[in-house]
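# Fold and geometry: a report
As a plain string of letters, each chain reads:
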Amino acid sequence: MFLFEKETPYGRFTIRNYIKGDEAHILELFHTVFGHKKSLEHWRWEFLGNPWGTYITLGFMDGSLISQCAGVPAELYYRGRVIKALQVVDCMCHPKYRAIPIMKKGAFVLTVETFFKEFTGCEKAHYVFGFPSARHHRLGALLLGYKKLNPIREVEFRLPSKARLNRYRFLYRLKEISADEVSLLRELIDRWALADAERLGFCVFKSWRYVKWRFVEKPNGNYRFFVLYTLLGKPVSIAILGLYRGRIILLDLLNVKYLNAVLHLLFMKLQSPIRFWLPEGSWVLKDIDSACVSVGDPEIKAVPSGIVFCKDVFASESVHLEFFYTMGDSDLF
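First things first, this report covers the structure right here in the doc.

Parameters at a glance
- Residues numbered from 1 in each chain as written.
- Predicted model: local features only at pLDDT ≥ 70, side-chain atom pairs only at ≥ 80, totals over all residues.
- Heavy atoms only, no water.
- Helix = DSSP H or I, 4+ residues; strand = E, 2+ residues; numbered from the N terminus.
- Rg over C-alpha atoms; globule rule 2.2 N^0.38 Å.
- Contact = heavy atoms within 4.5 Å.
- Core = buried A, V, L, I, M, F, W, Y, C linked by side-chain atoms within 4.5 Å.
- Buried < 20%, exposed > 50% of the residue type's maximum accessible area, 1.4 Å probe, protein only.
- Salt bridge = Lys/Arg side-chain N within 4 Å of Asp/Glu carboxyl O.
- Disulfide = S-S within 2.5 Å.

The next subject is the overall build of the protein chain. Scanning the protein chain for helices and strands turns up 10 helices and 16 strands. Here the C-alpha radius of gyration of the protein chain, 21 Å, is about what a compact globule of 333 residues would show, namely 20 Å. The C-alpha extent of the protein chain, read off along each of the three principal axes, is 75 × 40 × 35 Å. Of the contacts formed within the protein chain by residues at least 6 apart in sequence, a portion of 72% connects residues at least 24 apart.

Nonpolar side chains in soluble globular proteins generally cluster together in the buried interior. Of all hydrophobic cores here, the largest spans 62 residues; its most connected members are L76, Y127, F314 and F323. When residues no more than four places from it in sequence are discounted, the contact partners of L76 are R81, V82, I83, A85, Y127, F129, F202, C203, V204, F205 and F323. Grouped together as the second largest cluster of nonpolar side chains are 39 residues, Y77, F157, F205 and V262 included.

Evaluated as defined, the whole model comprises 20 salt bridges. With its nearest N and O atoms 2.3 Å apart, the salt bridge here joins E5 to R12. E299 is the salt-bridge partner of R245, the closest N and O atoms lying 2.8 Å from each other. One end of the pair, R245, is in the loop between strand 12 (235–244) and strand 13 (247–254); the other, E299, is in the loop between strand 15 (293–296) and strand 16 (305–308), and 54 residues separate them in sequence. On the basis of relative accessible area, E299 is assigned to the partly exposed category, the value being 29%.

Evaluated as defined, the whole model comprises 1 disulfide. Cysteine C91 shares no disulfide, and the gap to the nearest cysteine sulfur, in C69, comes to 3.5 Å. You can see C203 has no disulfide; the closest cysteine sulfur is in C310, sitting 19 Å from it. Look at C203 and you get buried, because its relative accessible area is 5%.

Structural data, given as structure tokens:
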């Protein structure tokens, strides 16, 4: 049952994977560490409702939970193949035990190392990624091998080009649909996901299975779904919007080649600037009409990070700089 056991001057420290019933203690620790609460409904969606399984490793001192490393599983597309991956989230240690050495490493590092040993490798998750704070990235780089992805550029789309707006108005129409109606596009979403993956090269594979869990089923997600249609009524793209601090954010877009058309028609419909993330240097960023946007550092100071766990799959360490991500790929929104 235990993956690690050690008697210490502070008590008996043990590590094991999640078992049913741990969630109450996990949520209590989350509140202690982060200062705000995560609902049980949200936790169950994130870790039990995920279609790819539950990946949580926990550390205990004399039976009391003091540390956790958790991962949200995902499928990534990399150069023609779909691979297993984990987004590391909710890594935490009780403040009382952060400075206590256990085998010169501490409870937190031992818990994270055990998580990686359990769940990563060529027969398991090939890649781990996340969006930690600068402080947590430095710790991860020092102790766990985190590598930086291309930094976040936060884009604000505003003041669309009148010429482009008129052109897009004559070519397309944009319609908001309900979360229930999104399922009617499931076959198209699978096709768009593959087309985007082939264009982008290395990214989260956004199949209908993923979209359904991430955006349709999320409790209190309050996301809005807008479909771009040709004038003949053919759906060609779907945009997923949310709110952050009162501002409209574009969390994701499927069939990314229609980004410019979607942005112009969204602005016309909502009469509001639209913010979103793109990796620095991405061709998608370069493809947006520069006269319509401002680009700067993100309001949330996250540091996109990744670790390779199967060198048989990845061509080189520079793979981290190929990873394409969006706001919706993080667990922050």
